[in-house]
Amino acid sequence: MSEIPSKMKAWIYDEYGDVNVLRLDEGVSVPEIKEHQVLVKVVAAALNPVDFKRRLGWLKATDSPLPTVPGCDVAGIVVKVGSQVKNLKEGDEVYGDINEKGLDKPKQFGSLAEYTAVEEKLLAIKPNNLDFQLAAGIPLAIETANEGLERAEFSAGKSILVLGGAGGVGSWVIQLAKHVYGASRIAATSSTSKLELLKSLGADLAIDYTKENLKELPEKFDVVYDAIGLGETGPNAVKEGGAVVGISGPLSPPGFIFILTADGAVLTKLNPFLESGKIKPLNDPKGPFPFSKVADAFSYLETGRATGKVVIYPIP
Ligand SMILES: NC(=O)c1ccc[n+]([C@@H]2O[C@H](COP(=O)([O-])OP(=O)(O)OC[C@H]3O[C@@H](n4cnc5c(N)ncnc54)[C@H](OP(=O)(O)O)[C@@H]3O)[C@@H](O)[C@H]2O)c1
């Protein structure tokens, strides 16, 4: 194991704003670890909408102090362990979402850096069939997909409508509903060019939201997972007594919105499904973006048109 330096390269911003506030700094201190944390040498990272919402200052009421090194998703190698770490050791290849509560004092020093400090419980061993760049895009999105399905009490034999099936979260909702939870029927929405993708992920019915009026769908579903924030659309499409779960507003009652609680145990639980190839990470074909192009990767994610995950790799 090579020696851990005291300074590292990291993307950082000192004030809130558009992508121009981001700068690559070569002299950021490598974070100290606490007793339940490990230090991860970052090999790949991924962006999530929360990273740009935070950078724009939309979450400043509950943010940690500036300056901020953004980034929640990480895949990398453990290079140091805290005194109370039980299950991880140096050399382990791990992945995870480094913020247990992404909106409540997320880490000041995130994953868009050469090193990041993470609680052991937020990490899992990387699936053995996936390289770092495929693993990096998984954690936040798959954990959100899974928590929403659990909160909606989704189970075998139920039907589901996924609003926004081609995004980071939606693409996992389709796959988990089909291959982990045993859905009886899956419908999902996207724009025209992504309809085939929805089917390849496991949707029985792919609905083009640019052509169909989602407020007048002929079919009702046991559960609607709204990954976009489409107001009444979900409640209109759910069966009596069914559940509408959302992750971003607006969402009309009886729909409810939750905020992810990240948990490495969810990744560990899903690892066999990933390792068997039953469920597969979907990385946007425009990526991976090299570390020098993080600002471009942010700009691309902010178009709202990404297909699956926007990944940063390699990280020096
Ligand atoms: N509450 C939480 O804990 C939590 C966790 C994760 C994410 N979120 C939030 O959930 C939202 C989605 O996150 P994400 O990571 O999945 O985002 P994302 O990957 O950036 O989503 C992009 C996708 O959204 C699709 N899309 C945009 N408008 C659409 C519409 N009207 N109908 C259908 N699809 C549409 C796009 O497909 P087209 O190009 O076909 O439109 C694109 O493929 C974000 O607002 C994020 O902040 C919340």
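Residues numbered from 1 in each chain as written. Predicted model: local features only at pLDDT ≥ 70, side-chain atom pairs only at ≥ 80, totals over all residues.

**Some points on the overall build of the protein**
Moving on, step 1. Counting secondary structure elements, the protein contains eight helices and 14 strands.
Moving on, step 2. Considered along the principal axes of its C-alpha atoms, the protein spans approximately 60 × 40 × 30 Å.
Moving on, step 3. Evaluated residue by residue, the protein yields a buried proportion of 52% over its 316 residues.
Moving on, step 4. Look at the contacts in the protein between residues 6 or more apart in sequence, and 69% of them connect residues 24 or more apart. (Helix = DSSP H or I, 4+ residues; strand = E, 2+ residues; numbered from the N terminus. Buried ≥ 20, exposed ≤ 12 C-beta atoms within 10 Å, placed from the backbone. Contact = placed C-beta atoms within 7 Å.)

**A closer look at the site of the ligand**
Moving on, step 1. The environment of the ligand is made up of 28 residues, and the closest members are Pro49, Gly167, Gly168, Ser191 and Leu260.
Moving on, step 2. Sorting elements by how many residues they give to the shell around the ligand places helix 4 (residues 168–179) first, with three residues.
Moving on, step 3. Residues belonging to the shell around the ligand are distributed by class as follows: 14 nonpolar, 12 polar and two charged.
Moving on, step 4. Counting contributing residues per domain, the shell around the ligand is built from domain 1 (7–138 + 282–312) and domain 2 (141–257), each supplying no fewer than three. (Near = placed C-beta within 6 Å. Nonpolar A, V, L, I, M, F, W, Y, C, P; charged D, E, K, R; others polar. Domains from an automatic or database assignment.)

**Let's talk about the packing of helix 3 (residues 139–151) against helix 4**
Moving on, step 1. Closest axis-to-axis distance for the helix 3/helix 4 pair is 8 Å, and the angle between their directions is 55°. Here helix 3 lies oblique to helix 4, going by the angle between them. At the point where helix 3 passes helix 4, the crossing takes the right-handed sense. Contact residues: Ala141, Ile142, Thr144, Ala145, Asn146, Gly148 and Leu149 in helix 3; Gly168, Val169, Trp172, Val173, Leu176 and Ala177 in helix 4.
Moving on, step 2. Among the residues forming the contact of helix 3 with helix 4, the class breakdown is nine nonpolar, four polar and no charged. (Axes fitted to C-alpha atoms, helices over the stretch in contact; angles between N-to-C directions. Parallel < 35°, antiparallel > 145°, perpendicular 65-115°, else oblique. Left-handed = near helix turned anticlockwise from the far one by under 90°.)

**Focus: the nonpolar core**
Moving on, step 1. Counting residues in hydrophobic clusters, the biggest one holds 102 residues, and the most contacted among them are Ala136, Val173 and Ile312.
Moving on, step 2. Looking at this core, the element that brings in the most residues is strand 3 (residues 37–47), giving nine residues.
Moving on, step 3. The residues touching Ile312, leaving out its near neighbours within four places in the chain, are Ala44, Ala45, Ala46, Leu112, Pro288, Phe289, Phe291, Val294 and Ala297. (Core = buried A, V, L, I, M, F, W, Y, C linked by C-beta atoms within 7 Å.)

**A look at the domain arrangement of the protein**
Moving on, step 1. When the domains of the protein are assigned, the result is domain 1 (7–138 + 282–312) and domain 2 (141–257).
Moving on, step 2. On a C-alpha basis, the centroid separation for the pair domain 1 and domain 2 is 27 Å.
Moving on, step 3. At the junction of the two partners, domain 1 supplies nine residues and domain 2 supplies nine residues.
Moving on, step 4. Of the residues in the side of domain 1 that touches domain 2, the class split is three nonpolar, four polar and two charged.

**A closer look at the pairing of strand 10 (residues 205–208)**
Moving on, step 1. The pairing of strand 9 (residues 185–190) with strand 10 spans four bridges and is parallel. Pairing of Thr189 across the sheet is with Ile207, part of strand 10.
Moving on, step 2. Note that the unit made of strand 9, helix 5 (residues 195–201) and strand 10 has a crossover that is right-handed. (Pairing = 2+ DSSP bridges. Right-handed = clockwise from strand over helix to strand, strands pointing away.)

**Digging into the environment of Leu197**
Moving on, step 1. You can see Leu197 is positioned in helix 5.
Moving on, step 2. In this structure, the C-alpha to C-alpha distance between Leu197 and Ala166, residues 31 residues apart in sequence, is 7.4 Å.
Moving on, step 3. When near neighbours in sequence (up to four residues on either side) are disregarded, Leu197 contacts Ala166 and Thr307.

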